[in-house]
Amino acid sequence: MTLPRISIAGGRILDPANGTDEIADLHIADGQILAMGDAPDGFTADQTIDADATLVCPGLIDLCARLGEPGFEQRGTIASETRAAAHAGVTSVCCPPDTLPVIDEPSVVELILNRAQSAGCARVLPLGALTLGLRGEHLTEASALMHEGCVALSHADAPIRDVRVLRRAMEYAGTFDIPMLIQPQDAWLATGGCAHEGAVATRLGLPGIPVAAETVAIAMLIELAAHTGARLHLSRLTSARGVETVRRARAEGLAITADVGINHLYLTDIDVNGFNSLCHTLPPLRTQRDREALIEGIKDGTIDAICSDHNPCESDAKLAPFEATHAGISSLDTLLPLLLRLQDEGIDLNRCVELASAAPARILSIDSGTLAPGANADIVVIDPEKEWEVSGASMKSAGTNTPYAGWMMRGAASTSVIAGRLI
């Protein structure tokens, strides 16, 4: 297929990876960034996008987005969720391995990539399972998974109770310099919990998950990373103590990275009041103090990236008693405007963009997250002033399980370019 030559004209180009913030044109050919500024000699655009009064940024890269398929198509499919991602300016999504079947064999990776290619929207970056079936017993053939197209290893939210297995997995990953994306939560301390262990959960009679479930796991993972040399990325931090533990480890020179889910920067356990199942998430929403600490962690660089933690579900999955409801929020549609809204918290616009583009690309060591000549042409053109109301009708994801219904958002993708194709 011949890719069109595209010029994006007159936009404010933000490329945090290269410190670029200027009004200029961007030229694309053969699926790559060709040039910024004046068009090269002999270049003629097949299509020109008027980007006046818009932001032209690297396409967003989501480190955690469940797509439903394979195995949970009633929640969403690769086609529906990558279409929602592209509509929202997310050009690449990392798919955790807790699909059905689990992403523990090359054939499953091939299936996912083939369906993503058929869908023709956002890129899907599979995360390979650390252990077979996510049972925490026997290691997968990680090198084969990476060769087939996985970009990192993960264990989703499944526990590895045997620390010896986790150590071996980290030694293996460290040997081959494979990134490991681990959600830190001690299985024993978290078992049976469905909300933050605190005043709100006590008042509602809900079993709680203590902050210690996160901090104990972080401490163990940090020690194992120091011992094995593994490339450890802590996924979806939730607590002030967790951020402080990571801050101390980095001050001591340990090269670990961390991210936070976008919803934990806006919602707290107070939002669970009234048994609001739309705020039932794992890891759980924590306190206002924790929310503020996460934002401070972004400001001082302790937290490297932000993910959507997208987890769509069918409508009746949120209608049971709180403990029995599906844990998760459909977050792809709202990721971009909530990122831009972080400017109200004193976070610079370039930093907002970096958190979901250049930073995830560095963590995964992929050729995206930048507008430098020669890079993949994954681009989002953003109308920063467009206002829209969150509703089932305005969301493109198959899952409309959002606590933001009725919120007025500002900022939306007007155009997405993925691998040089207009979406």
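Predicted model only: the values in this text are computed from it and were never measured. (Residues numbered from 1 in each chain as written. Predicted model: local features only at pLDDT ≥ 70, side-chain atom pairs only at ≥ 80, totals over all residues. Heavy atoms only, no water.)

1. A few points about the overall build of the protein chain
Phase 1: For the protein chain, the count of helices and strands is 12 helices and 18 strands.
Phase 2: Taking 423 residues into account, the globule formula puts the C-alpha radius of gyration at 22 Å, and the protein chain, at 21 Å, falls close to it.
Phase 3: Dimensions of the protein chain, computed from the C-alpha atoms along their principal axes, are close to 65 × 50 × 45 Å.
Phase 4: Out of the 423 residues in the protein chain, the part that is buried amounts to 58%.
Phase 5: Relative to all contacts within the protein chain whose residues are 6 or more apart in sequence, the contacts with residues 24 or more apart total 75%.
Phase 6: Counting every atom, the protein chain has about 16200 Å² of accessible surface; 49% of that belongs to carbon and sulfur.
Phase 7: Considering the protein chain, the positive charge centre built from 31 side chains and the negative charge centre built from 54 side chains are found 5 Å apart. (Helix = DSSP H or I, 4+ residues; strand = E, 2+ residues; numbered from the N terminus. Rg over C-alpha atoms; globule rule 2.2 N^0.38 Å. Buried < 20%, exposed > 50% of the residue type's maximum accessible area, 1.4 Å probe, protein only. Contact = heavy atoms within 4.5 Å. Areas by Shrake-Rupley, 256 points an atom, 1.4 Å probe, with all protein chains shown as cover. Lys, Arg positive; Asp, Glu negative; His and termini not counted. Charge placed at Lys NZ, Arg CZ, Asp CG, Glu CD.)

2. Quick look at the nonpolar core
Phase 1: Residues Leu 234, Leu 237, Leu 265 and Ile 306 are the most contacted members of the largest nonpolar core, which totals 92 residues.
Phase 2: The leading source of residues in this core is helix 10 (residues 332-341), at 6 residues.
Phase 3: Aside from chain neighbours lying at most four places away, what touches Ile 306 is Asp 259, Val 260, Ile 262, Leu 265, Ile 298, Leu 335, Leu 339, Leu 342, Leu 355 and Ala 356.
Phase 4: If you look at the next biggest cluster of nonpolar residues, it comprises 16 residues, including Ile 49, Ala 51, Ala 377 and Ile 379. (Core = buried A, V, L, I, M, F, W, Y, C linked by side-chain atoms within 4.5 Å.)

3. Description of the pattern of salt bridges
Phase 1: Tallied over the entire structure, the rule returns 20 salt bridges.
Phase 2: The salt bridge involving Glu 171 is made with Arg 167; its shortest N-O contact spans 3.0 Å. Taken together, the positions of Glu 171 and Arg 167, both in helix 4 (residues 163-175) and 4 residues apart, correspond to about one turn of that helix.
Phase 3: The exposure class of Glu 171 is partly exposed, given its relative accessible area of 31%.
Phase 4: Between Asp 304 and Arg 250 there is a salt bridge, and its shortest N-O distance comes to 2.7 Å. Of the two residues, Asp 304 is situated in the loop between helix 9 (288-299) and strand 15 (305-307) and Arg 250 in helix 8 (residues 240-251); the sequence distance between them amounts to 54 residues.
Phase 5: With relative accessibility at 29%, the residue Arg 250 sits in the partly exposed group.
Phase 6: A cluster of three or more residues bridged by salt bridges with shared partners is formed by Arg 66, Asp 98, Asp 157, Arg 236 and Asp 309. (Salt bridge = Lys/Arg side-chain N within 4 Å of Asp/Glu carboxyl O.)

4. A word on helix 10
Phase 1: Within helix 10, 9 of the 10 residues are buried, which leaves the element mostly enclosed by the surrounding structure.
Phase 2: Within the sequence span of helix 10, burial applies to Leu 332, Asp 333, Thr 334, Leu 335, Leu 336, Pro 337, Leu 338, Leu 339 and Leu 340.

5. Re the pairing of strand 10 (residues 179-182)
Phase 1: Here strand 10 shows no split at all, with Pro 179 and Leu 181 on one side and Met 180 and Ile 182 on the other all buried.
Phase 2: Direction of pairing for strand 9 (residues 152-154) relative to strand 10: parallel, over a ladder of 2 bridges. What sits directly across from Ser 154, in strand 10, is Leu 181.
Phase 3: What joins strand 9 to strand 10 is helix 4, and the crossover it makes is right-handed.
Phase 4: Bridge analysis of strand 10 against strand 13 (residues 231-234) gives 4 bridges, and the strand direction is parallel. (Pairing = 2+ DSSP bridges. Right-handed = clockwise from strand over helix to strand, strands pointing away.)

6. Here's the deal with the sheet that holds strand 8 (residues 123-129)
Phase 1: Sheet architecture is open: 8 strands sit in the order 6-7-8-9-10-13-14-15, paired in parallel fashion. For this open sheet the edge positions go to strand 6 (60-62) and strand 15, each flanked by a neighbour on one side alone. Neighbour-to-neighbour, the strand axes of the sheet open up by a mean angle of 30°, direction not taken into account.
Phase 2: Bridge count between strand 14 (residues 257-261) and strand 15: 3 bridges; the pairing is parallel. Residue pairing across strands places Asp 259 opposite Ala 305, the latter belonging to strand 15.
Phase 3: Sitting on the sheet, helix 10 is in contact with strand 6, strand 7 (90-95) and strand 15, with an inclination near 125° to strand 6. (Axes fitted to C-alpha atoms, helices over the stretch in contact; angles between N-to-C directions.)

7. Here we look at the side chain of Ser 308
Phase 1: Within the secondary structure, Ser 308 sits in the loop between strand 15 and helix 10.
Phase 2: Among the polar contacts made by the side chain of Ser 308, one reaches the main-chain carbonyl oxygen of Cys 64 at a distance of 3.4 Å.
Phase 3: With residues up to four places along the chain from it excluded, the contact list for Ser 308 reads Asp 62, Cys 64, Ala 65, Ile 262, Asn 263, Ser 331, Leu 332 and Leu 335. (Polar contact = N/O pair within 3.5 Å; in protein donor to acceptor, adjacent residues only side chain to side chain.)

8. Considering the pairing of strand 16 (residues 379-389)
Phase 1: Looking at chain direction, strand 5 (residues 55-58) and strand 16 are connected through 4 bridges and run antiparallel. Bridge assignment links Val 56 to a residue of strand 16, and that residue is Val 381.
Phase 2: In the sheet, strand 16 pairs with strand 17 (residues 408-418) via 8 bridges, with the strands oriented antiparallel. In the sheet register, Val 381 faces strand 17, and the bridge partner there is Thr 415.

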